[in-house]
Every structure is written in C-alpha cells, then in structure tokens.
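Below, each chain spelled out in residue letters.
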2 protein chains.
Amino acid sequence: MYEGIVQDLIDELGRLPGIGPKSAQRIAFHILQTESFDVARLAEILTTVRERVRFCSICGNISEQETCSICRDPRRDPALICVVEEAKDVVAIERTREFRGLYHVLGGAISPIDGIGPDQLRIRQLMQRLADGTVQEVIIATDPNLEGEATATYLSRMLTTLEIRVTRLASGLPVGGDLEYADEVTLGRAFEGRRVVG
Amino acid sequence: MYEGIVQDLIDELGRLPGIGPKSAQRIAFHILQTESFDVARLAEILTTVRERVRFCSICGNISEQETCSICRDPRRDPALICVVEEAKDVVAIERTREFRGLYHVLGGAISPIDGIGPDQLRIRQLMQRLADGTVQEVIIATDPNLEGEATATYLSRMLTTLEIRVTRLASGLPVGGDLEYADEVTLGRAFEGRRVVG
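So, here is what we can say about the structure in this document.

Cut-offs used in this document
- Residues numbered from 1 in each chain as written.
- Chains lettered and ligands numbered in written order.
- Predicted model: local features only at pLDDT ≥ 70, side-chain atom pairs only at ≥ 80, totals over all residues.
- Heavy atoms only, no water.
- Buried < 20%, exposed > 50% of the residue type's maximum accessible area, 1.4 Å probe, protein only.
- Helix = DSSP H or I, 4+ residues; strand = E, 2+ residues; numbered from the N terminus.
- Pairing = 2+ DSSP bridges.
- Right-handed = clockwise from strand over helix to strand, strands pointing away.
- Contact = heavy atoms within 4.5 Å.
- Buried area = accessible area lost by both parts, 1.4 Å probe.
- Salt bridge = Lys/Arg side-chain N within 4 Å of Asp/Glu carboxyl O.
- Polar contact = N/O pair within 3.5 Å; in protein donor to acceptor, adjacent residues only side chain to side chain.
- Nonpolar A, V, L, I, M, F, W, Y, C, P; charged D, E, K, R; others polar.
- Axes fitted to C-alpha atoms, helices over the stretch in contact; angles between N-to-C directions.
- 1 Å grid on protein atoms, 1.4 Å probe; cavity = no way out; pocket = protein on both sides within 12 Å on 5 of 7 lines; lining within 4 Å.
- Points joined across faces, edges and corners; volume = space filled by probe spheres on them.

Examining the pairing of strand β4 (residues 101–105) of chain A
All names here are of chain A.
- With 5 of 5 residues buried, β4 lies mostly within the body of the structure.
- Bridge count between strand β3 (residues 77–84) and β4: 5 bridges; the pairing is parallel. Paired with Asp 77 across the bridge in β4 is Gly 101.
- Handedness of the β-α-β unit built from β3, helix α5 (residues 87–96) and β4 comes out right-handed.

As structure tokens, this is what we get:
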C-alpha cells in the first residue's frame, strides 16, 4: 500500500504484540513526521538490548550482568524464595515493596496445549537452589489461572519431599473493585480464604 | 524499575503514540524473549526510514523519490486534485479505488488552538498548482471534524476566485471522526456523493 521502506516499517511494527495494522501505521507516521522523535536512539537501543541483556544465572530474572541486582543485594533475605512465571512478575511484586526475599523465574507455566511441561521450565534449577538448606519458605506466585494453578500444584508436590514451608499467594477480591463485578470463581475463593477480623 | 537498557527500551517505546507503559513493557519483553523476532531488521529500518523517506515536491505525499508514485503515474487524471490533511489519508482513499486524479497533502488542518493557521499548511503550493489552468476540479477531503471543516471552508473561499469546480466529500462519513479510520465503502460513497461548495 505504501512505497518500500515505509511499508517495511509498518510490517515490522505490526509484528510486535498488541500492535495491529492501524496502530503500526500511526506509529510509522509518527516516526516519519515527528522531528523530535529520536529514531537513532530507538534503533541503537534495539541493537544493543538483545546483546547486552541476559538472564540471571541464579534466578532467571533479566539482568545486564551474570546475576541480577536482586540476587546481588545482600539486604535481601536468602531464606525466602518467591517463584514466578515471568521476569515481569518480579517487577510487579517489587512495586508492592512487600517482599524482601529472592525470586525464582520459571520462564512460563505448565501448559499441555502449548506443549510446555515441567522440563521446559526452570524447576530443576529451583530444586538445586533449595538443596543446601538455606531456604525456609517457597512462596508460589504463579498466575491465578489454569496454567498457573497447574504449575503451583506440580511445584507444591515436588516440594513436599523437602523440609521447606510452601505457600501460595491468596486469591480473593481485588482491592478497590466492586464485589458485584467479581467473577464466581474469584468470589468463591474469597469465601474459602475468609479470615477472622476484629 | 528495570535495570539500565531494558528500562531505556521501555521508555523509548512508551514515547510512541498509543503505547502506554504496560504495552511498552509487553513489547520490550517480546523483543527480549522472542528469538524469532528480527531486532536487527527493525533497527535497520528505523535508521534508514527517515533518511530515505521525503515528501513529494509536487503534492507533499510521502515518497522515496523527488516526486511520489501517484504524481509520476501518467494514467492519473491531472484535471482532478483531491486535497487531504495527511499522507495517510492518501492511502485510505487509494484503498477505495474510486479516485483516479492527483492529490494535494496540506500537512494538517487549520486549528487556532494548536497555533496552526493557513500559512502553516501547503495552501500556497496548492494555489501554484492551480495557476496553469490544467485542474478543473478540486475535491476537498479534509477530516469531517471541526478543524477539517474550518480548513474546507477556508479553501473553498480561496478557490471561488478561480474558474475551478470545488467539491467537498459527502456527509456519510461519521461526523467527529478521522478520515483515516473510515471503512472503504463509506469512503467510496462519500466520493460518489460529493457536492459543490461555495
């Protein structure tokens, strides 16, 4: 539809997740027409980001060094490991400032439909980290969906053989939401997990 | 929130139109984790696109040459000029296959709030194109919103001094919308039903 390189740019942008043809076109024109937009900088970052970014050899989080900033931080509690699916979950949890332990990034969740079994996840590396007896609690923080629950169940079974406390993040009503808009499953979980107050 | 270059990438992506922080993060992780995504190609296209793409010296459409492919096409009717706001409007109209004339891209619309007056648009260049008497009809296809209508009114007043038919795309386009988002059929109908103004 467009000539050469402009269509190439639209096509490449359209390959990114969540960007449809219309968005790709709008972004392409923005890049073309906005003098202040630093194209060279974006191109340079794209070129260096994949060569420079690797995954932490301990926890699997993204890192620019051999180990990530959290694993290197001596103030973090090494007796506590929070297991998540993806590196972006680490960022979400860090934002809460509630958790002062370490992480373990699985790299996904068990999903037979997508052909992802336990062997495709970093579960073996987790077992290795637990071998020396430092860790006293593993908090399973996989997503509260089908795959995440399956992964949590699998992990909790693996971990019962060890002398380690295994916990799962509470499910319940989202804070700030309306009860009437909660789905049945969430509402059911909120009932199951009800606590004594006052 | 992230270390160095990953946060840089998220920040740069977040500068693009329609991409919020969440989308920027999702795209950044996609780029990092998807082996098949050709980062080098996107970076290369970004680098070359702005040096290679310029604006047609006749109509103002985007082009990789001195003049665009439409202005160079001898099969297009030089007696008919369709005036649009942006280069993406040219693509939207070309998609209808209803129009066989030439274009004139104004580079925006009159908008006192944004400080855009007639002098910031390519109106002088349009008048120069009309001077030799080749053009018999000017179709004003600015967006059917406040700025587009103001621009259409301004143009039709300018053009009444000349012996040229001036038409405006028919209503049928949803009022308050952007021309580029109109579907082909609506846009085609709008061409068929264009009326003489001024």
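Let's talk about the interface of chain A and chain B
- Residue-level contacts link 52 residues of chain A with 54 residues of chain B.
- The contact between chain A and chain B buries some 5,300 Å² in all, and 67% of this surface belongs to carbon and sulfur atoms.
- One can count 2 salt bridges joining chain A with chain B.
- Among the salt bridges present, the one from A:Arg41 reaches B:Glu12, with a minimum N-O distance of 2.9 Å.
- For the pair chain A and chain B, the interface holds 4 residue pairs in polar contact (both at pLDDT 80 or more).
- Among the elements that line the side of chain A that touches chain B, the one with the most residues is helix α3 (residues 39–52) of chain A, at 11 residues.
- Split by residue class, the side of chain A that touches chain B holds 26 nonpolar, 10 polar and 16 charged.

Overview of the sheet that holds strand β5 (residues 137–140) of chain A
Residues and elements named next belong to chain A.
- Pairing within the open sheet is parallel, and its 4 strands lie in the order β4-β3-β5-β6. At either margin of the open sheet sits one strand with a lone partner, and together these are β4 and β6 (165–168). On average, each strand axis in the sheet is tilted by 25° relative to the strand beside it, whichever way the strands run.
- In the packing of helix α6 (residues 123–130) onto the sheet, contacts are made with β3, β4 and β5, and the angle to β4 comes to roughly 150°.
- The strands that helix α7 (residues 146–159) touches are β3, β5 and β6; relative to β6, the one it contacts most, it runs at about 170°.

Section: empty space enclosed by the protein
- Within this structure, the stated rule accounts for 1 cavity of 30 Å³ or more.
- If you add up the space inside the largest cavity, you get close to 40 Å³.
- Lining the largest cavity are A:Leu13, A:Leu16, A:Leu42, A:Leu46, B:Leu13, B:Leu16, B:Ile31, B:Leu42 and B:Leu46.
- Class assignment of the residues belonging to the lining of the largest cavity gives a composition of 9 nonpolar, no polar and no charged.

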